[in-house]
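Structure at a glance
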Amino acid sequence: MEASRDIQRLLDIMAALRDPETGCPWDVVQTFDTIRPYTIEEAYEVADAIERHDMDDLCDELGDLLLQVVFHARMAEEAGVFSFGDVVEAITRKMIRRHPHVFARSDADTAEAVKLQWDEIKQAEKADRRQRRLQRGASQEEHAGHLGSIQRSFPALVEALKLQERAAKVGFDWSEPEPILDKVEEEIGELRQALKDGDRGKVADELGDLIFALVNIGRHVGTDPEMALRGTNTKFRRRFGHIEKELEAGGETLDAASLERMEELWQAAKAIERQLT
């Protein structure tokens, strides 16, 4: 079998990998649950390639992510639930339905009007899905309430942001970011007290409240908390790398270096960054 630009070749490869008799032993035993972590990981690797502006990696990582879609679709087809063609048909139908201003007739001629129209169509779709779940006897509990559409499977920062955005649509929101800073200080005080009391459960609870409040600030100032934290992670990697290189250049090691020495090099890395910017 040779490589091809045709999506059918990828579907054929997956079918061959999943063949119970002649397929790959690892691929054959996989399930939706075992593949799920890889799907999430591949999505993050796509985001990382975009952040690094590495188009070669982006092409490669998009292929890995597409493989995850094909993998799940193949397992669903084997179970007689749906096929890859059904996935494609569902998303094309959805995009056509959600863009009547492009594919049909609509008065939405501004970005704001399109967003409002999109939300209205999504609400209609949710009602339709709810009805289909009822018809097949599926549980409605996890989808109940105003926040029911927010998936618990999201990364915690993303879930927090989406919960806040959803609640804000019905007016449950701060009017400006400044009062949220007061809330952050309040949460810090409660975290300090929990640490003082030595209550690990309370510490975890208060830490979560603090992070949730910080996400709220990011939302109000138009900064995605996930991307903000990823930026800080990148900065930390860069500065810690500077520490490591400087220690190595001086014949020192990370294990032997004192905290004071590493802090000195950390501040030097910050100074270099300030000069460059």
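Residues numbered from 1 in each chain as written. Predicted model: local features only at pLDDT ≥ 70, side-chain atom pairs only at ≥ 80, totals over all residues. Heavy atoms only, no water.

**Quick notes on the overall build of the protein chain**
Secondary structure assignment for the protein chain yields 12 helices and 0 strands. Its helices and strands in sequence order give the protein chain the pattern α-α-α-α-α-α-α-α-α-α-α-α, from N to C terminus. Rg of the C-alpha trace for the protein chain: 25 Å, well past the compact-globule value of 19 Å for 277 residues, more than 25% over. C-alpha atoms of the protein chain, sized along the principal axes, occupy 60 × 55 × 45 Å. (Helix = DSSP H or I, 4+ residues; strand = E, 2+ residues; numbered from the N terminus. Rg over C-alpha atoms; globule rule 2.2 N^0.38 Å.)

**Some points on the pattern of salt bridges**
Within this structure, the stated rule accounts for 19 salt bridges. Here Asp54 ties to Arg52 by a salt bridge, and the two come within 3.4 Å at their closest N and O atoms. Overall, Asp54 belongs to the partly exposed group, its relative accessible area being 24%. Residue classification places Arg52 among the partly exposed residues on the basis of a relative accessible area of 40%. In this structure, Arg74 engages Glu78 in a salt bridge whose closest nitrogen and oxygen atoms are separated by 3.3 Å. Placement of both Arg74 and Glu78 in helix α4 (residues 55-78) is noted, with a separation of 4 residues, approximately one turn of the helix. Using a relative accessible area of 36% as the deciding quantity, one classes Glu78 as partly exposed. One salt-bridge network, held together by shared partners, links Asp48, Glu51, Arg52, Asp54, Asp57 and Arg230. (Salt bridge = Lys/Arg side-chain N within 4 Å of Asp/Glu carboxyl O. Buried < 20%, exposed > 50% of the residue type's maximum accessible area, 1.4 Å probe, protein only.)

**Quick look at a negative patch on the surface**
A contiguous patch of negative charge on the surface is contributed by Glu176, Glu178, Asp182 and Glu185. Here Asp182 is to be found in helix α9 (residues 178-197). (Patch = residues over 30% accessible without salt bridge, like charges linked within 9 Å, V, L, I, M, F, W, Y side chains within 5 Å. Areas by Shrake-Rupley, 256 points an atom, 1.4 Å probe, with all protein chains shown as cover. Lys, Arg positive; Asp, Glu negative; His and termini not counted. Charge placed at Lys NZ, Arg CZ, Asp CG, Glu CD.)

**Looking at the layout of surface pockets**
In this structure, the largest pocket spans a volume of roughly 1800 Å³. Lining the largest pocket are 42 residues, and of these Lys94, Arg98, Arg129, Arg133 and Gln151 lie nearest its centre. Of all the elements, helix α7 (residues 111-135) adds the most residues to the lining of the largest pocket, at 13 residues. Of the residues contributing to the lining of the largest pocket, the split by class is 11 nonpolar, 11 polar and 20 charged. (1 Å grid on protein atoms, 1.4 Å probe; cavity = no way out; pocket = protein on both sides within 12 Å on 5 of 7 lines; lining within 4 Å. Points joined across faces, edges and corners; volume = space filled by probe spheres on them. Nonpolar A, V, L, I, M, F, W, Y, C, P; charged D, E, K, R; others polar.)

**Concerning helix α10 (residues 200-220)**
Helix length check: α10, at 21 residues, gives a terminal C-alpha distance of 31 Å against a target of 30 Å (1.5 Å per residue), a fit within 8%. Here α10 has its buried residues at Val203, Glu206, Leu210, Ala213, Val215, Asn216, Ile217, Gly218 and Arg219. Tucked into the core, α10 has its buried residues touching α8 (156-168), α9 and α11 (225-249). Where α10 begins, the side chain of Asp199 points an oxygen toward the backbone nitrogen of Gly201, at a separation of 3.2 Å. (Expected span 1.5 Å × (residues − 1). Contact = heavy atoms within 4.5 Å. Polar contact = N/O pair within 3.5 Å; in protein donor to acceptor, adjacent residues only side chain to side chain.)

**Here's the deal with the side chain of Arg98**
Relative to the assigned elements, Arg98 resides in helix α5 (residues 84-98). By relative accessible area, Arg98 is classed as buried at 9%. Once residues within four sequence positions are removed from consideration, Arg98 is found in contact with Gln117, Trp118, Ile121, Lys122 and Glu125.

**Observations regarding the packing of helix α3 (residues 32-51) against α11**
When two helices pack together, their arrangement is given by the angle between their axes and by how far apart the axes lie. Across the interface, α3 lies against α11 with an axial gap of 12 Å and an inter-helix angle of 65°. Classed by the angle they form, the pair α3 and α11 counts as roughly perpendicular. Seen along the crossing, α3 lies across α11 with a hand that is right-handed. Only Glu226, Met227, Arg230, Gly231 and Thr234 of α11 make contact with α3, whose side of the interface consists of Tyr44, Ala47, Asp48 and Glu51. In terms of residue class, the contact of α3 with α11 is built from 3 nonpolar, 2 polar and 4 charged. (Axes fitted to C-alpha atoms, helices over the stretch in contact; angles between N-to-C directions. Parallel < 35°, antiparallel > 145°, perpendicular 65-115°, else oblique. Left-handed = near helix turned anticlockwise from the far one by under 90°.)

**Overview of the confidence of the model for the protein chain**
On average, residues of the protein chain score 90 in pLDDT, and 97% of them are at 70 or above. Across the protein chain, the element-wise mean pLDDT spans from 79 in α7 up to 97 in α4. (pLDDT = per-residue confidence, 0-100.)

**Digging into the packing of aromatic side chains**
Overall, the coordinates contain 3 aromatic pairs when judged by the stated rule. With 5.9 Å between their ring centres and 80° between their planes, Trp26 and Tyr38 make a pair best called edge-to-face. Pair noted here: Trp26 is in helix α2 (residues 25-28) and Tyr38 is in helix α3, with a separation of 12 residues, a long-range link. Classification of Trp26 as partly exposed rests on a relative accessible area of 41%. Relative accessible area serves as the criterion here: at 37%, Tyr38 is assigned to the partly exposed category. (Phe/Tyr/Trp six-rings, centres within 6.5 Å; stacked < 30°, edge-to-face > 60°.)

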